Amino acid sequence: MQTADYFLPIILLTGVALSVKSHKLTFPAALTAAFLGVCLYIGAGYFGILMAAVLFLMAAVSTAQKHAVKEALGIAEKNQGQRKAPQVLANVGMAGLMGLLCFFYPLKIDVFRLMMAASLASAAADTVSSELGTVYGKHFYNIVSCKPDQRGLDGVISLEGTFFGLMASVIIATVYALSFGWNLNFWWIIIAGTIGNLADSVLGATLERKGYLSNNAVNFLNTVVAALVALFFLL
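Residues numbered from 1 in each chain as written. Predicted model: local features only at pLDDT ≥ 70, side-chain atom pairs only at ≥ 80, totals over all residues. Heavy atoms only, no water.

Chemist: Describe the nonpolar core, and please don't skip the residues or the numbers.
Modeler: Considering soluble globular proteins, one finds that nonpolar side chains tend to be buried as a cluster. Residues Met-51, Met-116, Leu-120 and Ile-172 are the most contacted members of the largest nonpolar core, which totals 51 residues. If you list the elements that add at least two residues to this core, you get helix H1 (7-21), helix H2 (27-64), helix H4 (85-104), helix H5 (109-136), helix H6 (159-180), helix H7 (184-208) and helix H8 (215-234). In this structure Met-51 touches Met-116, Ala-117, Leu-120, Ile-172, Val-175 and Tyr-176, once residues within four positions along its chain are discounted. (Core = buried A, V, L, I, M, F, W, Y, C linked by side-chain atoms within 4.5 Å. Buried < 20%, exposed > 50% of the residue type's maximum accessible area, 1.4 Å probe, protein only. Helix = DSSP H or I, 4+ residues; strand = E, 2+ residues; numbered from the N terminus. Contact = heavy atoms within 4.5 Å.)

As structure tokens, this is what we get:
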């Protein structure tokens, strides 16, 4: 074990304590996040954990924005936005899987790291775009029919929300690039994250609205889409 590895338990336990105390995560959710943090560390070191931490920070900040307005509209997250374990898995589970694949297939570590970052970028874009778009958006459209629709409904997007989601992907891509270099992967992560976010809206407007998929399932699938898009760029 390297010296830097000894800091990992301290960082993860601190994260568990702070997230539970601040009511951002339930205790089971915090433990789930810690386990996924180990997976991310295995695949991308401390920058893997940093990408996830930035994702959760953006989610917390965007969820808290104009919470009273969201409550009045009936679209606010339950329990003041406190996340449960299934929600954590939906957002970061794919990234954690990529971290494990980095360990088992070290010759493909660059591929799996990129897929990890893309999945986190998509999760960030989805959360930020929906949370900020609903309160700062001006016009709302169904992503499938392109017709005006009620904000807050599954599959409804706004130009403003899409832009916020794009910026969230840029932030995740920047964290990745700071560790692994500024190259085309920076752009691939942004594009993959945006496509994953849009895929989430399409799934929401179709399968989720009809009750075929849960919100957590849709959130997980958008990260899978983003990871596969990133893989496609490397083919």
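Chemist: Tell me what's going on with the packing of H2 against H4, and back it up with residues and numbers.
Modeler: Where H2 contacts H4, the axes come no closer than 8 Å and their chain directions differ by 40 degrees. Judged on the interaxial angle alone, H4 and H2 are oblique. The two elements H2 and H4 cross, and the hand of that crossing is left-handed. Contacts from Pro-28, Ala-29, Thr-32, Ala-33, Leu-36, Cys-39, Leu-40, Ile-42, Gly-43, Leu-55 and Phe-56 of H2 reach H4 at Ala-85, Val-88, Leu-89, Val-92, Gly-93, Ala-95, Gly-96, Gly-99, Leu-100, Cys-102 and Phe-103. The class makeup of the residues in the contact of H2 with H4 is 17 nonpolar, five polar and no charged. (Axes fitted to C-alpha atoms, helices over the stretch in contact; angles between N-to-C directions. Parallel < 35°, antiparallel > 145°, perpendicular 65-115°, else oblique. Left-handed = near helix turned anticlockwise from the far one by under 90°. Nonpolar A, V, L, I, M, F, W, Y, C, P; charged D, E, K, R; others polar.)

Read these as layout, nothing more, since geometry by itself doesn't imply function.
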